[in-house]
Amino acid sequence: MGQQNQIGALQRDAERFGELVRICPNGIAICSGTTVRSVNPALSQLVDFPAEDLVGQSLGDLLFESVRERTMNRLQTMLAEGMGHDSVCSTRLLRADGLTIDVEVSTDRLESGEAVDSVVVFRPLAVFRNTALLNSEELIQRAHLLRMSVFGELAAALIHELGQPLTAARGASDILESTRNEDGTWNITGRPAEILMTAVGQIGDRFQKIWQFVRNRRPELSSVPINASVQDAIDLTTAAARHAAVDVQFSAGDVQTVNIDSSLIGLVTTGLIRRSVTALQASVGKPRLIRVTTSDCPGEFVAVEIEHNGAVMATEESGGPALVPQESTPDHLALSTYRLIIEEHGGILNIQPGIGGVGVRYRLLLPGG
């Protein structure tokens, strides 16, 4: 009797789930492999095709031709990595009238008896997200505001770092001034000259990195050496991390380049490392550690992971297999902008629990260059 009640409850749950899928405003497709097995009315309305015409088609046939291969590769990667519906990528659905509609798409496994299918969800994008990366003034403005915010939080530590070579240069120049020749020229030799030249070089290098980070310019896609870019982000945050007693460890994989805007990926990596330092400041009784790694990822991506063993911040909470940014909280601008930047470049930002469920791991999948 108990087993029959269980079966009856499961049937009722399946019926209720089916009703939710039917009324959901997002487009939903259930697929076996890449073949569409069923769709909900919302997806049929998005593409303006009868549901019965969609069943049996390849999922890729629903997509605009120019983004079809890339989107299918990304969905396969997301499914293989078990990212679930917390991680999305941007793509375009092809309508019956030949027009397109920009959507975010996510996928997850759907177990049905012995078979394991996938459920794919399509969410229409906001209006400003429908423009291309290079023309998105909204993205440029949001990124610049966030860039200056991150710089403001790092400024005190960066100024302190500049102070050391400046002090050395001033001391060396005073010594050289005291040994000026009678005709007014300097005899720039010896240890003071070496200290002065070294200090000036250090100041120039650090200022150049700061300037490259804060300057605002239009995005431009290029092949960026990702290991060097990540190292620059670590260099910018080293002083702040040291003052907070945080150890930043970088394990650079055998990776080459990614196809992305250099200043925007610099903003994302610097911002996420700075965010990790902030999360660790409240940690007591254990080492404060940030691990940064780069590696090749199956498919078309290069992976960058930034993981810390500190507290979960206000905009991140446990949400099944991933930590989900909560858009309604005061600092939602940061995470939503990082996610937007990565997605607009054809990548994926996933936020997961750290090793052993402690801390947070930011996992960036970036298109290889």
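From a predicted model like this one, the values you see are computed outputs, not experimental measurements.

J.: Looking at this structure, how should I read the overall build of the protein?
T.: In terms of helices and strands, the protein carries nine helices and 14 strands. Long-range contacts, defined here as pairs at least 24 residues apart, represent 64% of the contacts in the protein between residues at least 6 apart.

J.: What exactly am I supposed to notice about unusual backbone geometry here?
T.: You will see that D48, though not glycine, has its phi angle at about 60°, which is positive. You can see D48 is positioned in the loop between α2 (41-47) and α3 (51-54). Using a relative accessible area of 45% as the deciding quantity, one classes D48 as partly exposed.

J.: Whenever I open this one, the confidence of the model for the protein confuses me. Can you help?
T.: Interpreting fine coordinate detail is not advised for predicted regions of low pLDDT. Looking at the protein as a whole, its pLDDT mean stands at 76, while 67% of the residues score no less than 70. Note on residues 6-10: pLDDT under 50 across the span, and zero contacts to partners over four residues away in sequence or across chains.

J.: Quick question: what am I supposed to make of the pattern of salt bridges here?
T.: Taken as a whole, this structure holds seven salt bridges when the rule is applied. Of the charged contacts in the structure, one is a salt bridge between D102 and R92, with a shortest N-O distance of 2.9 Å. A residue pair is termed long-range when its members are at least 10 positions apart, and D102 in strand β4 (residues 100-112) and R92 in strand β3 (residues 89-94) qualify at ten residues. Under the relative-accessibility criterion, D102 is labelled buried at 15%. Between R361 and E305 there is a salt bridge, and its shortest N-O distance comes to 3.2 Å. On the criterion of sequence distance, the pair formed by R361 in strand β14 (residues 360-367) and E305 in strand β10 (residues 301-308) is long-range, its members being 56 residues apart. What makes R361 partly exposed here is its relative accessible area of 23%. Each of E81, E305, R361 and R363 takes part in salt bridges that share partners, so that together they form one network.

J.: I keep staring at helix α8 (residues 262-280) and nothing clicks. Help me out?
T.: Two residues of an α-helix separated by three or four positions point the same way, owing to the 3.6 residues in each turn. Spanning 19 residues, α8 covers 27 Å between terminal C-alpha atoms, matching the ideal 27 Å at 1.5 Å per step. The element α8 is largely enclosed, with a buried count of 17 among its 19 residues.

J.: What should I look at first to understand the side chain of T337 in this one?
T.: Of note, T337 is situated in helix α9 (residues 332-344). Judged by its relative accessible area of 0%, T337 falls in the buried class. Beyond its immediate chain neighbours, meaning those up to four positions away, T337 contacts R142, A143 and L146.

J.: Explain the nonpolar core to me, please; I cannot follow it from the model alone.
T.: One recurring pattern in soluble globular proteins: nonpolar side chains tend to sit buried together. In terms of nonpolar packing, the biggest core is built from 44 residues, with I226, I265, Y338, L364 and L366 touching the most fellow members. In terms of residue count, the dominant contributor to this core is α8 (eight residues). When neighbours within four sequence positions are excluded, L366 is seen to be in contact with I226, V258, I260, I265, E300, F301, V302, V304 and I342. If you look at the next biggest cluster of nonpolar residues, it comprises 26 residues, including L46, M72, L75 and V103.

J.: Hey, could you run me through the packing of helix α7 (residues 226-243) against α8 in this one?
T.: The relative placement of two packed helices comes down to the angle between their axes together with the axis-to-axis distance. Running from amino to carboxyl end, α7 crosses α8 at an angle of 35°, the nearest separation of the two axes being 9 Å. Relative to α8, the crossing made by α7 is right-handed. Residues I226, S229, V230, A233, I234, L236, T237, A240 and A241 of α7 form the contact with α8, whose participating residues are I265, G266, T269, T270, I273, R274 and V277. Per-class residue counts for the contact of α7 with α8 are ten nonpolar, five polar and one charged.

J.: Can you walk me through the sheet that holds β10 in this structure?
T.: Two strands in a sheet stick together by hydrogen bonds in their backbones, pointing the same way (parallel) or opposite ways (antiparallel). As summarised here, the arrangement of the five strands in space is β7-β9-β10-β14-β13, forming an open sheet in which the pairing is mixed. The sheet terminates laterally at β7 (246-251) and β13 (348-353), the two strands that pair on one side only. With strand direction ignored, the average angle separating the axes of adjacent strands in the sheet is 15°. Note that β10 and β14 share eight bridges and pair antiparallel. Its bridge partner being in β14, H308 is matched across the sheet by V360. α7 contacts β7, β9 (288-296), β10 and β14 of the sheet and is inclined by roughly 170° relative to β7.

J.: How do you make sense of the environment of G82 when you look at a structure like this?
T.: Within the secondary structure, G82 is located in the loop between α4 (65-80) and β3. Residue G82 is classed as partly exposed on the basis of its relative accessible area, which comes to 42%.

J.: Explain α7 here, please?
T.: The terminal C-alpha atoms of α7, which comprises 18 residues, lie 26 Å apart, in line with the 26 Å expected from a rise of 1.5 Å per residue. Of all the bends in α7, the greatest measures close to 45° and is centred on T237. Those residues of α7 lying buried are I226, N227, S229, V230, A233, I234, L236, T237, A239, A240 and A241. Looking one or two residues past α7, A245 carries a phi angle of roughly 60°, positive in sign.

J.: Explain the environment of S44 to me, please; I cannot follow it from the model alone.
T.: Here S44 lies in helix α2. The contacts of S44, once residues within four sequence positions are left out, are F49, P50, A51 and L54. Within polar-contact distance, the side chain of S44 engages the backbone oxygen of F49 at 2.3 Å.

J.: Sorry, what's going on with the pairing of β10 here?
T.: Side-chain positions along a regular strand alternate between the two faces of the sheet. Counted residue by residue, β10 has eight buried out of eight residues, so it is predominantly covered. Both faces of β10 are covered, namely the face carrying F301, A303, E305 and E307 and the face carrying V302, V304, I306 and H308. Pairing of β9 with β10, which is carried by seven bridges, proceeds in the antiparallel orientation. Bridged to T294 within β10 is V304.

Cut-off values and rules
- Residues numbered from 1 in each chain as written.
- Predicted model: local features only at pLDDT ≥ 70, side-chain atom pairs only at ≥ 80, totals over all residues.
- Heavy atoms only, no water.
- Helix = DSSP H or I, 4+ residues; strand = E, 2+ residues; numbered from the N terminus.
- Contact = heavy atoms within 4.5 Å.
- Buried < 20%, exposed > 50% of the residue type's maximum accessible area, 1.4 Å probe, protein only.
- pLDDT = per-residue confidence, 0-100.
- Salt bridge = Lys/Arg side-chain N within 4 Å of Asp/Glu carboxyl O.
- Expected span 1.5 Å × (residues − 1).
- Core = buried A, V, L, I, M, F, W, Y, C linked by side-chain atoms within 4.5 Å.
- Axes fitted to C-alpha atoms, helices over the stretch in contact; angles between N-to-C directions.
- Left-handed = near helix turned anticlockwise from the far one by under 90°.
- Nonpolar A, V, L, I, M, F, W, Y, C, P; charged D, E, K, R; others polar.
- Pairing = 2+ DSSP bridges.
- Bend = angle between axes of the 7 residues up to and from the residue.
- Polar contact = N/O pair within 3.5 Å; in protein donor to acceptor, adjacent residues only side chain to side chain.

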